[in-house]
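# Working through the structure, step by step
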Amino acid sequence: AQTVTQSQPEMSVQEAETVTLSCTYDTSESDYYLFWYKQPPSRQMILVIRQEAYKQQNATENRFSVNFQKAAKSFSLKISDSQLGDAAMYFCAYRTGLNYGGATNKLIFGTGTLLAVQP
Amino acid sequence: KAGVTQTPRYLIKTRGQQVTLSCSPISGHRSVSWYQQTPGQGLQFLFEYFSETQRNKGNFPGRFSGRQFSNSRSEMNVSTLELGDSALYLCASSLERARNTEAFFGQGTRLTVV
């Protein structure tokens, strides 16, 4: 079974600085997807960034980028130029790829990292 | 384009009662998944429906059930409520399983069992 681990329950960053959130996962599959979701106090989960395992290039979305190390099964999120609005719970999530496990959109989540942004 | 709508937003129920939660996916999305979020267990997958069929189920007791209608709207039901069922229940909708599919979440239903 696949597992996702986030070892940092809480992190803090100064506004305009850079912070990196860690995520490791375990799987025997070679085709899968990894996601970072943000959950602000409103509780709505918002997709931040997505990475497809077969793509070697790290995904980037504006101030958000990932460091995807497939062999090490590591998927960290880097937030550059942190803003007050980035304060939220961040979840790393795994989804099986098209070649495994039949048709499913099931997500396996880590336990989350609560990010505080200091003004 | 309207997002995923979950109703009600908040519920308070008594132990032993049953409850039904509703989820309306984004128009055109046929896949609906449900998750339970608690401080102790985090986010756990409940079940997934696609075209009115349950195609995946998490490790929850039979008291948790769901269904999907022909318009893709989904409901989940919890019978004989226990205090431990207090949680935020999140619904997510997706297009058919495809390489670029992503899950869009609703704002959740906060269930409190007293």
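If you're wondering where the values come from, they're calculated on a predicted model, not measured in any experiment.

Scanning chain B for helices and strands turns up zero helices and 11 strands. Starting at the N terminus and ending at the C terminus, chain B contains elements arranged as β-β-β-β-β-β-β-β-β-β-β. Taken against the 2.2 N^0.38 rule, which gives 13 Å for 114 residues, the C-alpha radius of gyration of chain B at 13 Å falls within 12% of a compact globule. Based on the C-alpha atoms only, the size of chain B along its principal axes is roughly 40 × 25 × 25 Å. Here chain B, with 114 residues, has 49% of them falling under the buried criterion. Sequence separation of 24 or more characterises 54% of the internal contacts of chain B that already satisfy a separation of 6 or more.

Counting residues at the interface gives 24 residues for chain B, matched by 27 residues for chain A. Counting the surface lost from both chain B and chain A, the interface buries some 2,300 Å², and carbon and sulfur atoms represent 45% of this. Between chain B and chain A we count one salt bridge in total. Across the pair R50 of chain A and E102 of chain B runs a salt bridge, and its minimum N-O distance is 3.8 Å.

All names here are of chain B. Relative to the helices and strands, T7 resides in strand β1 (residues 5–7). Under the relative-accessibility criterion, T7 is labelled partly exposed at 42%. For the pair T7 and G106, spaced 99 residues apart in sequence, the C-alpha to C-alpha distance is 9.5 Å. Here T7 is in contact with L21, S22 and T109, once residues within four sequence places are set aside.

Procedures and definitions
Residues numbered from 1 in each chain as written. Chains lettered and ligands numbered in written order. Predicted model: local features only at pLDDT ≥ 70, side-chain atom pairs only at ≥ 80, totals over all residues. Heavy atoms only, no water. Helix = DSSP H or I, 4+ residues; strand = E, 2+ residues; numbered from the N terminus. Rg over C-alpha atoms; globule rule 2.2 N^0.38 Å. Buried < 20%, exposed > 50% of the residue type's maximum accessible area, 1.4 Å probe, protein only. Contact = heavy atoms within 4.5 Å. Buried area = accessible area lost by both parts, 1.4 Å probe. Salt bridge = Lys/Arg side-chain N within 4 Å of Asp/Glu carboxyl O.

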